[in-house]
Amino acid sequence: MKITAVRCIPLSHEVPPEKRQRSDLGTRVKNDSTIIMVDTDEGLSGMGAALGNPEVVRAIVEHELAPALIGMDPMFSERIYETMYNGSRTIPALRQGWAQPEPTRRRGAVMEAISGIDLAVWDVKAQAMGVPIYKALGAVRDQVRGYASGGWAPGDAAEAEMAGYAAKGFTAVKMRVVGHDGFSYEKAVRRIAAARRGIGPDVELFIDAHGALDVSTSIRLAKLVEEYDISWFEEPISPDDHAGLRLVRQATSIPIATGEREFTRFDFADLLDHEAMDIAQPDIGRAGGFTEIRRISALTSARQVRLAPHAWSNGVLFAASIHLACHCPNCHVLEVSQAHMPMMYELFEEPFDIGADGEVRPPEKPGLGFTLREDALECFKYIPGPSSVW
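Since the structure is predicted, the reported quantities are computational estimates derived from the model, not experimental observations. (Residues numbered from 1 in each chain as written. Predicted model: local features only at pLDDT ≥ 70, side-chain atom pairs only at ≥ 80, totals over all residues. Heavy atoms only, no water.)

Draft legend 1. Spatial organisation of the sheet that holds strand S4 (residues 30-40). In spatial order, the strands read S1-S4-S5; together these three strands make up an open sheet with antiparallel pairing. Looking at the sheet topology across the chains shown, the edges are occupied by strand S1 (3-14) and strand S5 (45-50). Looking at each pair of strands side by side, their axes are set apart by 20° on average, direction ignored. The strands that helix H1 (residues 54-69) touches are S1, S4 and S5; relative to S1, the one it contacts most, it runs at about 175°. (Pairing = 2+ DSSP bridges. Helix = DSSP H or I, 4+ residues; strand = E, 2+ residues; numbered from the N terminus. Axes fitted to C-alpha atoms, helices over the stretch in contact; angles between N-to-C directions. Contact = heavy atoms within 4.5 Å.)

Below is the structure:
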């Protein structure tokens with residue numbers, strides 16, 4: 001079997017004004033995605049997706065990555081990944097046994113494009129094997145506990161919002177530190193206290209700052225909300241400050257979660273060396289796809305650090321994250337978005353299997369296990385411009 005083409009399909013969905021959420025990232029006006037298809041000479045096609053600007057991702061795939069992959073066997077998924085990562089030095093890298101990455105491919109938009117291609121390669125590979133991806137990877141479970149991810153409501157309205165997530169059967173929920181009413185210590189504590197009232201004592205509560213705070217603010221906030229039994233404090237500070245994140249972790253009893261904006265096992269190795277996290281959150285559309293996150297899972301498990309994949313953006317990445325979660329032994333929970341995201345929940349003909357108990361189950365069809373709706377490309381035509389505005 002040989003790869004004959006690698007194709008990109010940019011997609012967008014405009015968020016209706018009444019559905020727009022405001023946080024520290026600004027107001028979300030649209031969602032973008034890039035679907036990546038890998039075609040073969042045996043008629044099998046794999047589907048992946050990448051984070052990043054769709055126009056940039058498409059240019060990277062079509063002009064830099066795809067030409068080297070034509071003619072390669074998708075069953076050699078590790079070699080394909082190493083070829084994309086190392087570029088012209090792939091042969092010496094594999095002969096000598098150490099990474100020799102092409103400088104522009106280590107992180108950023110190129111690694112996001114690599115991630116998307118890797119997902120599509122694994123889809124083809126699992127289809128050829130006649131099993132779902134999670135079994136091709138090596139299954140450890142056939143369902144995973146989901147947590148409801150949302151939480152933007154201001155003030156005491158957070159009580160009803162988070163209670164609504166718990167009423168769906170989720171045993172864990174996540175809210176944003178910065179809500180519709182902006183940030184102050186008083187506003188954050190009020191919202192978090194309201195959330196705890198809404199969900200009661202038995203549902204886990206996670207909080208997420210999207211890296212919007214600094215070290216001192218994060219430490220002060222953590223101390224103020226420890227009494228509300230927070231199960232993790234996600235991305236309190238910039239992902240570029242691993243040393244600062246260690247200081248936050250040392251100053252609070254709340255576990256620290258991070259990783260959605262990190263690239264490859266090398267970024268996670270640095271987080272581990274800094275003793276800066278308790279829960280690793282790689283995004284399968286950014287950190288290197290299935291191939292690299294398998295390595296991240298092994299690396300973090302050696303330090304007793306748990307894995308909770310970041311799962312946002314679109315249905316392909318959510319589907320891939322379900323398969324990943326059912327493969328990684330140290331994964332204990334999976335993100336389930338509660339935002340208005342038609343490209344996640346209306347992209348496929350098949351619905352996701354999210355039970356009344358909050359458990360998420362992978363499909364049993366070979367490969368990724370989902371089929372694009374016939375009208376998906378028409379419904380989600382790409383819209384140029386920024387996704388969020390201040």
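Draft legend 2. Structural view of the side chain of asparagine 330. Checked against the element boundaries, asparagine 330 lands in the loop between helix H12 (315-325) and strand S13 (334-337). Here threonine 300 takes part through its side chain, which lies 3.0 Å from a polar atom of the side chain of asparagine 330. Among the polar contacts listed, one links the side chain of asparagine 330 to the backbone oxygen of valine 305, at a separation of 3.0 Å. Beyond its immediate stretch of four places on either side in the chain, asparagine 330 contacts Ser297, Thr300, Ser301, Val305, Arg306 and Leu307. (Polar contact = N/O pair within 3.5 Å; in protein donor to acceptor, adjacent residues only side chain to side chain.)

Draft legend 3. Quick peek at helix H8 (residues 215-225). Burial in H8 covers these residues: Thr217, Ser218, Leu221, Ala222 and Val225. Down the axis of H8, the sector holding all buried residues measures 130°, keeping them to one side. Against the buried residues of H8 lie helix H7 (185-199), strand S8 (204-208), strand S9 (230-234) and helix H9 (242-251). (Buried < 20%, exposed > 50% of the residue type's maximum accessible area, 1.4 Å probe, protein only. Arc of directions from axis to C-beta.)

Draft legend 4. Layout of the environment of leucine 224. As for its position among the elements, leucine 224 is in helix H8. In this structure the C-alpha to C-alpha distance between leucine 224 and tyrosine 185, which are 39 residues apart in sequence, comes to 8.3 Å. When near neighbours in sequence (up to four residues on either side) are disregarded, leucine 224 contacts Tyr185 and Val189.

Draft legend 5. Seen up close, the packing of aromatic side chains. Taken as a whole and judged by the stated rule, the model has 12 aromatic pairs. Note on phenylalanine 348 and phenylalanine 352: the rings are 6.1 Å apart at their centroids and 75° apart in plane angle, and the pair reads as edge-to-face. Across the pair, exposure class does not vary: phenylalanine 348 and phenylalanine 352 are buried alike. Relative to phenylalanine 370, the ring of phenylalanine 348 lies with its centre 4.9 Å away and its plane at 25°, an arrangement referred to as stacked. (Phe/Tyr/Trp six-rings, centres within 6.5 Å; stacked < 30°, edge-to-face > 60°.)

Draft legend 6. Representation of the environment of glutamate 62. Here glutamate 62 shows up in helix H1. Taking the C-alpha atoms as reference points, glutamate 62 and glycine 385, separated by 323 residues in sequence, lie 21 Å from one another.

Draft legend 7. Quick peek at helix H6 (residues 157-167). Inspection of H6 places Ala158, Glu161, Met162 and Tyr165 among the buried residues, and these make up the whole buried set. The buried residues of H6 occupy an angular sector of 85° when projected down its axis, which confines them to one face. Turned more than 90 degrees away from the buried face of H6, the exposed residues are Ala160 and Ala167. Buried positions along H6 lie against strand S6 (144-149), strand S7 (172-176), H7 and S8. A positive phi of about 110° marks glycine 169, the residue just after H6.

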